[in-house]
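Each chain, written out:
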Amino acid sequence: MSRRQQQKDATAQRLFEVAVELFRTRGYHETTVEAIAAAAGVAKGTFFSHFASKDAVLGHLGRVQVQRLRAALDARPDLLGQSFREQIRFIFDTLGGYIEGRRDLVMLTAFELLRQRDMQWMDDQGIGTFDQLLLPFVRAAQERGELRADVPPEDLASLVRSLYFMSVFDWLRADDRPFFEVAARRIDLLLEGIQAR
């Protein structure tokens with residue numbers, strides 16, 4: 001990554017952190033783009049070079065998570081040879097590692113994103129990319145016979161992604177339990193099924 005890109009990413013992260021703090025202290029609707037830019041020490045135009053709107057700031061957490069996951073997967077080429085359960089645990093652990101200790105931030109972000117009527121942010125902020133990152137693991141697991149082959153891999157990737165987000169919401173409600181502890185049980189239920197044998 002170039003130095004210029006690193007600076008751009010650092011500015012976006014700073015704007016995000018400042019915005020979230022203002023959302024927390026002033027309220028989301030009372031916080032303006034001007035206030036965010038001023039608190040971050042940048043011009044309003046700089047804000048708009050990173051985010052199209054105040055609402056777009058909320059999606060930054062998703063972009064950061066997708067970037068972190070991509071980097072972690074790139075660093076683990078051996079992961080494709082492991083079981084699907086181990087792969088999904090690694091993916092959830094990687095994503096959980098960033099939100100662990102940031103419960104207030106995740107709570108605020110999730111609450112405000114869900115309050116918005118326009119759910120386009122879900123596609124704009126990495127949902128499709130998350131699914132694409134999952135697909136090679138799903139396809140390999142289908143080829144190995146670990147997952148049903150009669151279900152489109154895109155549907156299975158979507159199911160795993162949905163499980164991640166449900167785990168996040170359950171973790172937000174949990175009493176200080178680590179994210180992975182919350183997610184691991186759900187992974188097991190997904191893979192083992194809930195139907196009595």
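On a predicted model such as this, the values are computed, not experimentally measured, just so you know. (Residues numbered from 1 in each chain as written. Predicted model: local features only at pLDDT ≥ 70, side-chain atom pairs only at ≥ 80, totals over all residues. Heavy atoms only, no water.)

So, on to the side chain of T31. On the secondary structure map, T31 appears in the loop between α1 (3-26) and α2 (33-40). Residue class for T31 comes out buried when judged on its relative accessible area of 1%. Within the structure, the side chain of T31 is placed 3.3 Å from the backbone oxygen of L22, a separation counted as a polar contact. Among the polar contacts made by the side chain of T31, one reaches the main-chain carbonyl oxygen of G27 at a distance of 2.8 Å. Once residues within four sequence positions are removed from consideration, T31 is found in contact with L22, F23, R26, I36 and K54. (Helix = DSSP H or I, 4+ residues; strand = E, 2+ residues; numbered from the N terminus. Buried < 20%, exposed > 50% of the residue type's maximum accessible area, 1.4 Å probe, protein only. Polar contact = N/O pair within 3.5 Å; in protein donor to acceptor, adjacent residues only side chain to side chain. Contact = heavy atoms within 4.5 Å.)

Time to look at the pattern of salt bridges. Counted by the stated rule, this structure contains 13 salt bridges. Note that E154 and R139 form a salt bridge whose closest N and O atoms lie 3.3 Å from each other. With a gap of 15 residues between them, E154 in helix α10 (residues 153-173) and R139 in helix α9 (residues 127-144) connect regions that are remote in the sequence. The partly exposed category is assigned to E154, whose relative accessible area is 40%. Between E146 and R144 there is a salt bridge whose closest N-O contact spans 2.5 Å. What makes E146 partly exposed here is its relative accessible area of 37%. Several salt bridges share partner residues, and in doing so they unite R85, R89, D188 and E192 into one network. (Salt bridge = Lys/Arg side-chain N within 4 Å of Asp/Glu carboxyl O.)

Inspection of the entire model under this criterion finds nine aromatic pairs. On the numbers, 5.3 Å between centres and 90 degrees between planes, the contact of F47 with F48 is edge-to-face. Arranged with centres 6.4 Å apart and planes meeting at 80 degrees, the rings of F130 and F165 form a pair that is edge-to-face. Here F130, found in helix α9, pairs with F165, found in helix α10; they are 35 residues apart in sequence, far enough to count as distant. For F165, a relative accessible area of 31% gives the class partly exposed. Aromatic rings pair up to connect F92, F130, Y164, F165, W171 and F179 into one cluster. One cation-aromatic arrangement involves K54 over Y28; the distance from NZ or CZ to the ring centre is 4.4 Å. We note R76 situated over the ring of F90; from NZ or CZ to the ring centre the distance is 4.9 Å. (Phe/Tyr/Trp six-rings, centres within 6.5 Å; stacked < 30°, edge-to-face > 60°. Lys NZ or Arg CZ within 6 Å of the ring centre and 35° of its normal.)

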